Amino acid sequence: MDISDITEIFELFTGEENGIEYFRIINLAMYETGMMLRPDAGRTDTRLNYLAAAIAYYRFQQILAARERAAVTYAGKVLKESQNTAYEYSKLLMKDYMQICSDLIKPQGFIFSSFSGGEEALS
């Protein structure tokens, strides 16, 4: 992963011109991406730069949504959960890049199983 490429992609996603200001968010997204990697995955695959930038963009939108929620609820208004569309689209973008990188990252879903009466049930 290359931090300068990730910063440029982050700027593309956010529309911000100075992605360096968001270095901490980008750095955290790089770490998060690295933790998702399979042991045999190459860290130089270009797709990982896009995934890290999408995660950084999602985290950025989470921060903005939290600020917006606090400001609006402080003013006494009720905020609908789906009101922040940028947050929702950033989540979809991140999931799309996770799908694109599915051969490089560990599976993100879980299968829950339980046993009752000696029979196995999957849910």
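The structure this text deals with has already been given above.
Residues numbered from 1 in each chain as written. Predicted model: local features only at pLDDT ≥ 70, side-chain atom pairs only at ≥ 80, totals over all residues. Heavy atoms only, no water.

1. Some thoughts on the side chain of N49
To keep it simple, the criterion reads: Put simply, DSSP H or I for four residues or longer makes a helix, DSSP E for two residues or longer makes a strand, and each gets a number counted from the N terminus. Two N or O atoms form a polar contact when they lie within 3.5 Å of each other; inside protein one atom must be a possible hydrogen donor and the other a possible acceptor, and for residues adjacent in sequence the pair counts only when both atoms belong to side chains. Contacts are assigned to residue pairs that have any heavy atoms within 4.5 Å of one another.
Checked against the element boundaries, N49 lands in helix 3 (residues 46–74). Separated by 3.0 Å, the side chain of N49 and the backbone nitrogen of D2 make a polar contact. The contacts of N49, once residues within four sequence positions are left out, are M1, D2, D5, I6 and I9.

2. Describing the packing of helix 1 (residues 3–14) against helix 2 (residues 23–36)
The description of two packed helices rests on the angle between their axes and on the distance between the axes. This is how it is decided: With axes taken as lines fitted to C-alpha atoms, and helix axes fitted only over the stretch in contact, angles between N-to-C directions fall between 0 and 180 degrees. When the near helix sits turned anticlockwise from the far one by under a right angle, the crossing is termed left-handed; a clockwise turn instead gives a right-handed crossing. Gly is put with the polar residues, along with every residue not named as nonpolar or charged; the nonpolar set is Ala, Val, Leu, Ile, Met, Phe, Trp, Tyr, Cys and Pro, and the charged set is Asp, Glu, Lys and Arg.
In the contact formed by helix 1 and helix 2, the axes pass within 11 Å of each other and the chain directions differ by 115 degrees. The two elements helix 1 and helix 2 cross, and the hand of that crossing is right-handed. For the pair helix 1 and helix 2, the contacting residues are I3, I6, T7 and F10 in the first and F23, I26 and M30 in the second. A breakdown of the residues in the contact of helix 1 with helix 2 according to their chemical character gives six nonpolar, one polar and no charged.

3. A closer look at the environment of Y87
Rules: Buried, partly exposed and exposed residues are distinguished by accessible area as a fraction of the type maximum, computed with a 1.4 Å probe on protein chains only: under 20%, between the cut-offs, and over 50%, respectively.
By the element assignment, Y87 lies in helix 4 (residues 85–100). Using a relative accessible area of 17% as the deciding quantity, one classes Y87 as buried. Separated by 29 residues in the primary sequence, Y87 and Y58 have C-alpha atoms spaced 6.8 Å apart. Setting aside anything within four residues of it in sequence, one finds Y87 in contact with Y58, Q61, Q62 and A65. Side chain to side chain, Y87 and Y58 meet in a polar contact 3.2 Å long.

4. Digging into the environment of M94
Residue placement: M94 occurs in helix 4. For M94, a relative accessible area of 10% corresponds to the buried category. Along the sequence, M94 and Y50 sit 44 residues apart, while their C-alpha atoms lie 9.0 Å from each other. Setting aside residues up to four positions removed in sequence, M94 forms contacts with L51, A54, I55 and Y58.

5. Some thoughts on the nonpolar core
Stated precisely, the cut-off is as follows: For the purposes of this section, nonpolar cores are sets of buried Ala, Val, Leu, Ile, Met, Phe, Trp, Tyr and Cys residues that join through side-chain atoms within 4.5 Å.
Membership of the largest hydrophobic core comes to 30 residues, with the highest contact counts inside it found for F10, F13 and L51. Listing elements by their share of this core, those giving two or more residues are helix 1, helix 2, helix 3 and helix 4. Residue contributions to this core peak at eleven residues, all from helix 3. What F10 contacts, discounting residues up to four positions off in sequence, is G19, Y22, I26, A53, A56, Y57 and F60.

6. Regarding the side chain of T14
Tracing the backbone through its elements, the reader meets T14 in helix 1. Assessed through its relative accessible area of 18%, T14 is described here as buried. At 3.1 Å, the side chain of T14 and the backbone nitrogen of E16 are in polar contact. With sequence-adjacent residues up to four places away left out, T14 is seen in contact with Y57 and F60.

7. Some words on the pattern of salt bridges
When the charged atoms of two side chains with opposite charge come close together, those side chains can pair. For clarity, the threshold we go by: Basic side-chain nitrogens of Lys or Arg form a salt bridge, by our definition, when they fall within 4 Å of a carboxyl oxygen of Asp or Glu.
Applying the stated criterion across every chain, the model contains three salt bridges. Salt-bridge contacts for R47 lead to D103; the nearest nitrogen and oxygen are separated by 3.0 Å. Pair noted here: R47 is in helix 3 and D103 is in the loop between helix 4 and strand 1 (113–116), with a separation of 56 residues, a long-range link. By relative accessible area, R47 is classed as partly exposed at 26%.

Honestly, it's all geometry; don't read function into it.
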